There are 2 protein chains.
Amino acid sequence: MLENLNKYSIILASQSPRRRELLKSITPNFKTISLNVNEVYPDTLQREEIPVFLSELKAKAYEFQKDNELIITSDTIVWLKKEQLGKPKDKADAKQMLQKLSGNINEVITAVTLKTKTSIQSFYEVTQVHFKELTEEEINHYINIYKPFDKAGAYGIQEWIGQIGITKIDGDYYNVMGLPTARLYEELRKV
Amino acid sequence: MLENLNKYSIILASQSPRRRELLKSITPNFKTISLNVNEVYPDTLQREEIPVFLSELKAKAYEFQKDNELIITSDTIVWLKKEQLGKPKDKADAKQMLQKLSGNINEVITAVTLKTKTSIQSFYEVTQVHFKELTEEEINHYINIYKPFDKAGAYGIQEWIGQIGITKIDGDYYNVMGLPTARLYEELRKV
């Protein structure tokens, strides 16, 4: 599968173990690097504009790209009532985020950028995520046990909170985990 | 969580390792048994009636239930264009199923039964699963590597075919894996 990629040396610029696993499932040969990027965006940006901007910012931060290198970057945000939920700073912040998510529908938007030496292309996917009304006990239990401080919106769909608290999604599940695998596979076929 | 279940000895009647893992994530203490049931249903049954019937058939097959025992059974079917797709008999059968699923929306329906000595209750969840057009190469690759002969509809959403072939779902992801965890958690809270 994806034999068209054989001529490339693929580089995933991400520190997320979830993204690494998901990319591995669709194409096994790539290396991972970590880029130092100050993830700041203009505050005029809205919704999908934010992860697209940040994903491209990461891709452009890779200097001295070789002719045969294909770099993959991505960014995921949680969007709720016209507001972006980032990674929680601490327990209190995580609790506040989960209280906002409780009983509501949030949108998870992941943007992906594919960059070669002479081209750059980005796309994004949106998944709607429905949370039931979470009890305070459930929120505290989740934060104490799972410590979701590395996760946008303070939740991982693949964790306990996703299993007991998410009643339905509308879109790609893997997009919520951090990489829209079906869309990425289609885009990689065309590279 | 689910302290109300402490008075029960919980028994999951299922041989599926996926179901066992999913139940473990919402309540860790249970034992697993395997029941000998001839999974035959009246051919007048349609759609959700089928897994509800089969799940209850399994629950009723457990004899000599003790007062403190809560038995959990379930059944999952794949429903496509008014037809049930069961487990494929062989490679050719699996290939035919995946060709039917390709480019179409199928419904995965899981029914769950909770049975105590003096009560029986069933519920079900439906998730719509959208497949892209699969190529013959992709279908053959999946069947050869993943051998999906133990799976209704010949696919596992958590496997490669789910990652590259399922563009979106509408409903609970874990329901497609075999157990609607969020709904089950809510029902267990009420037991």
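All values derive from a computational prediction rather than experimental measurement.

The subject of this paragraph is the interface of chain B and chain A. Tallying the contact residues gives 22 residues for chain B and 22 residues for chain A. For the side of chain B that touches chain A, the elements supplying multiple residues, two or more each, are helix 1 (17-26), helix 5 (160-165), strand 7 (166-171), helix 6 (173-177) and helix 7 (181-189) of chain B. No other element matches strand 7 of chain B, which puts six residues into the side of chain B that touches chain A. Its residues placed into classes, the side of chain B that touches chain A shows 11 nonpolar, seven polar and four charged. In terms of strand pairing, strand 7 (residues 166-171) of chain A meets strand 7 of chain B through three bridges, oriented antiparallel. Its bridge partner being in strand 7 of chain B, isoleucine 169 of chain A is matched across the sheet by glycine 171 of chain B.

Below, the discussion takes up helix 4 (residues 136-146) of chain B. Residue and element names in this part refer to chain B. Residues of helix 4 that are buried include every one of Ile139, Tyr142 and Ile143, and no others. Buried residues of helix 4 fall within an arc of 95 degrees about the axis and therefore sit on the same side. For helix 4, the exposed residues lying more than 90 degrees away from the buried face are Glu137, Asn144 and Ile145. For helix 4, the elements touching its buried residues are helix 3 (91-101) and helix 5. Note on helix 4: the residue one or two positions beyond its end, lysine 147, has a positive phi of about 45 degrees.

Moving on, we get to helix 3 (residues 91-101) of chain A. Residues and elements named next belong to chain A. Three or more residues of helix 3 are buried, namely Ala94, Met97, Leu98 and Leu101. For helix 3, the angular spread of buried residues about the axis comes to 95 degrees, placing them on one side. Buried residues in helix 3 make contact with strand 3 (69-80), strand 4 (83-85), strand 5 (105-115), strand 6 (120-131) and helix 4 (136-146). Glycine 103 sits one or two positions beyond helix 3 and adopts a positive phi of about 75 degrees.

Overlay of chain B on chain A (RMSD 0.0 Å): rotation 180 degrees, translation along the axis 0.0 Å. When the rotation and shift are considered jointly, the pair of chain copies conforms to a two-fold rotation axis. No C-alpha of chain B lies nearer the rotation axis than that of aspartate 170 of chain B, which sits 2.2 Å from it. Residue by residue, 100% of the interface of chain B is reproduced at the interface of chain A, so both copies engage with the same surface.

We now examine the pairing of strand 1 (residues 9-13) of chain A. Along a regular strand, successive side chains alternate from one face of the sheet to the other. All names here are of chain A. Burial analysis of strand 1 places four of its five residues in the buried class, which makes it a mostly covered element. Where strand 1 lies against strand 3, four bridges are found, and the strand directions are parallel. Within strand 3, the residue paired with isoleucine 10 across the bridge is leucine 70. Where strand 1 and strand 2 (residues 31-33) come together, three bridges link them in parallel fashion. What sits directly across from isoleucine 11, in strand 2, is lysine 31. At this point the chain moves from strand 1, through helix 1 (residues 17-26), to the parallel strand 2, and the crossover so formed is right-handed.

Counting 100 residues, the largest nonpolar core has Ile72, Leu98 and Tyr173 of chain A together with Ile72, Leu98 and Tyr173 of chain B as the members making the most contacts within it. Once you skip the residues sitting within four places of it in the chain, leucine 98 of chain A turns out to touch Leu134, Ile139, Ala154 and Tyr155 of chain A.

Residues and elements named next belong to chain A. The phi dihedral of lysine 82 falls on the positive side, at around 60 degrees, and the residue is not glycine. Summarising the element assignment, lysine 82 is placed in the loop between strand 3 and strand 4. When the 7 C-beta atoms within 10 Å are taken as the criterion, lysine 82 is described as exposed.

Looking now at the environment of asparagine 106 of chain B. All names here are of chain B. Its place among the elements puts asparagine 106 in strand 5 (residues 105-115). The spacing of asparagine 106 and isoleucine 169 is 63 residues in sequence and 9.6 Å in space, taken between C-alpha atoms. The contacts of asparagine 106, once residues within four sequence positions are left out, are Val78, Trp79, Leu80, Leu101, Val129 and Gly153.

Another aspect to go through is the pairing of strand 5 of chain B. Residues and elements named next belong to chain B. Taking burial as the measure, the 11 residues of strand 5 include nine buried ones, the bulk of the element. Sheet analysis places strand 3 (residues 69-80) next to strand 5, joined by nine bridges and oriented antiparallel. Among the inter-strand pairings, tryptophan 79 is bridged to a residue of strand 5, identified as glutamate 107. The turn linking strand 5 back onto strand 6 (residues 120-131) is made up of four residues.

Before going further, it helps to examine the confidence of the model for chain A. Looking at chain A, the pLDDT average stands at 96 and 100% of residues meet or exceed 70. Complex prediction metrics read pTM 0.93 and ipTM 0.89.

Cut-offs used in this document
- Residues numbered from 1 in each chain as written.
- Chains lettered and ligands numbered in written order.
- Predicted model: local features only at pLDDT ≥ 70, side-chain atom pairs only at ≥ 80, totals over all residues.
- Contact = placed C-beta atoms within 7 Å.
- Helix = DSSP H or I, 4+ residues; strand = E, 2+ residues; numbered from the N terminus.
- Nonpolar A, V, L, I, M, F, W, Y, C, P; charged D, E, K, R; others polar.
- Pairing = 2+ DSSP bridges.
- Buried ≥ 20, exposed ≤ 12 C-beta atoms within 10 Å, placed from the backbone.
- Arc of directions from axis to C-beta.
- Least-squares fit on C-alpha atoms with pLDDT ≥ 70 in both.
- Right-handed = clockwise from strand over helix to strand, strands pointing away.
- Core = buried A, V, L, I, M, F, W, Y, C linked by C-beta atoms within 7 Å.
- pLDDT = per-residue confidence, 0-100.

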